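Report on the structure
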Amino acid sequence: MASTINEPHHAADGEPRRDRPEAERAGKIEAHGIDHIPDAERHGRPRDLFSVWAAANVNYLSLVVGGALVLMGLDLWQAIAVIVIGNLFWLLTGFLATSGPAAGAPSEVVTRALYGVIGNRVNNAIGGWLVSVCYFALNLAAAATAAFALVEKVGITATTPVKIAVIVVIAALTLAISVYGHALIMKLYLPITLVLTAAFAVVAFAVIGHADFAYQPAEPLSGVELWAVLIAGTTMIASGPLSYTTSADFSRYLPSDSSRKAIVGWTASGAILPSVITCSLGALAATAVDMTDPQTALQEILPGWFTPLFLIALVLGTIAINALTAYSAGLALQAVGLRIRRTVSVIFDGIVAVALTLYGLLVSNFLDTVSNALQVIVVLIGPLMAVYATDIALRRCRYDGIALGDETPGSPFWYTGGVNWAGALSLGAGVAAAALCVNTLYTGPIATALGGVDLSLPVGMVVSAGLYAALMRRERTVRAARQAA
């Protein structure tokens, strides 16, 4: 008997898949928000995740970060080593993505298992929505700067009204992808990846032709100072993957029996490969030009005919990143407890981000303030990632998506007063430990004692993961004893 549209089958590579249901077509606005995805509506293969994460990592920001490592005082090969090590944290992003198919729910709902129904609303408000909107505004500002240069090149003066119009247009294109949702993202991101790869191939050709592969800084770092910069650089690179504690949002439509190894592998490789290459191009460029102003500096070594295409690629890459960010921010807003449609929440997030961007670019240095705050946010996102990953490991990625959707006091994830204190305390302890070790806008006492070495990332993650594992084992022991009695 021929398979129906909802029956699972296997592709030639052995990965389970289902054909895309009519309700999940790229030309239709996604109907689901934070609700459970029924098995009959699951479709696709883990390999589909590759282009989603690749499109989000072939971008201008990666070039900037790679160049910054050389500006911090590292030689070329030290910078590339840092880039490789920092990007390995994408494996954790891939690991978190396995919870999506297991639960048939986005990360914003899965984390009820970690923090409880009420506690998770606070988690989503701060660690989900607020951070996402700030990133949206910063990325939008970066895209707008490239777009301003583009309109100037076509002979239009970038006056304030023109700048406002440019920002609104970029935001509208981004939000259109986010509003249509998952199916459109899966459809668009492969061609976006191919276009960006072609554009950055030209950049690579130009950069490699000018790079100094034997580059050494005028005053090479050594001793504690070198270690401080190496660790700071690794943390800066790792902050990218660590900020994506929402990777289950894009995997939750996969069949529940999808290979976990494949999900981890395709997610991580889709991010690691382009990110390592693009960040390395930034480091190579910094050996030839002054990357304190990357957009202008890169135009010095790029072919003149390619400059407008390069600026368009910068805008397109930022749209790809922000569409994912806005999509997850919309889900986070729903998970906070607001009873609104996902499309409405996404549009609201976009309006807030546009307002912040306009205020920051046209009125004050607000975005500088937000940018500085996000430098410290690693003290939060590291522990958030660690607690989530530990929970997946403890449960062996077994989640009841229907039960996770229950927000009543009778829910198995209500815990005590709606809060799982094991998660809340572990996160708090991890953040506190990281704050003692940080050396960014301020220097914590442990960082001071270590001569400026910032261990906030490993310390925060280890403390939160270890404490959560211990407290959850105790929670299960207590619960089992009560049930036996």
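Residues numbered from 1 in each chain as written. Predicted model: local features only at pLDDT ≥ 70, side-chain atom pairs only at ≥ 80, totals over all residues. Heavy atoms only, no water.

What follows is about the environment of Ala449. Note that Ala449 resides in helix 20 (residues 445-449). Ala449 sits in the exposed class, given a relative accessible area of 67%. Residues Ala449 and Thr278, spaced 171 residues apart in sequence, show a C-alpha to C-alpha distance of 35 Å. (Helix = DSSP H or I, 4+ residues; strand = E, 2+ residues; numbered from the N terminus. Buried < 20%, exposed > 50% of the residue type's maximum accessible area, 1.4 Å probe, protein only.)

By size, the foremost hydrophobic cluster in this structure holds 136 residues, and its most contacted members are Leu74, Tyr189 and Leu298. A total of 16 residues in this core trace back to one element, the largest contributor, which is helix 14 (residues 307-335). Sequence-distant contacts of Leu74, that is, excluding residues within four places in its chain, are made with Leu69, Ala79, Val82, Tyr215, Pro217, Leu221, Leu226, Val229 and Leu230. (Core = buried A, V, L, I, M, F, W, Y, C linked by side-chain atoms within 4.5 Å. Contact = heavy atoms within 4.5 Å.)

Averaged over all residues, the pLDDT of the protein equals 89, while 90% of them reach at least 70. Confidence drops under a pLDDT of 50 for residues 1-14, and excluding neighbours within four residues, the segment shows 22 contacts in the predicted structure. (pLDDT = per-residue confidence, 0-100.)

With that settled, the discussion passes to the pattern of salt bridges. Summed over the entire model, instances satisfying the criterion amount to seven salt bridges. Of the charged contacts, one joins Glu407 and Arg121 as a salt bridge, the two residues approaching to 2.9 Å between their closest N and O atoms. Pair noted here: Glu407 is in the loop between helix 18 (401-404) and helix 19 (421-437) and Arg121 is in helix 8 (residues 117-153), with a separation of 286 residues, a long-range link. A residue is classified by how much of its surface remains accessible, and Glu407, at 18% relative accessible area, is buried. Residue classification places Arg121 among the partly exposed positions, given a relative accessible area of 25%. Note that Arg395 is salt-bridged to Asp391, the shortest N-O span being 2.8 Å. You can see Arg395 and its partner Asp391 sitting in helix 17 (residues 378-395), four residues apart, about one turn around the helix. Classification of Arg395 as buried rests on a relative accessible area of 16%. (Salt bridge = Lys/Arg side-chain N within 4 Å of Asp/Glu carboxyl O.)

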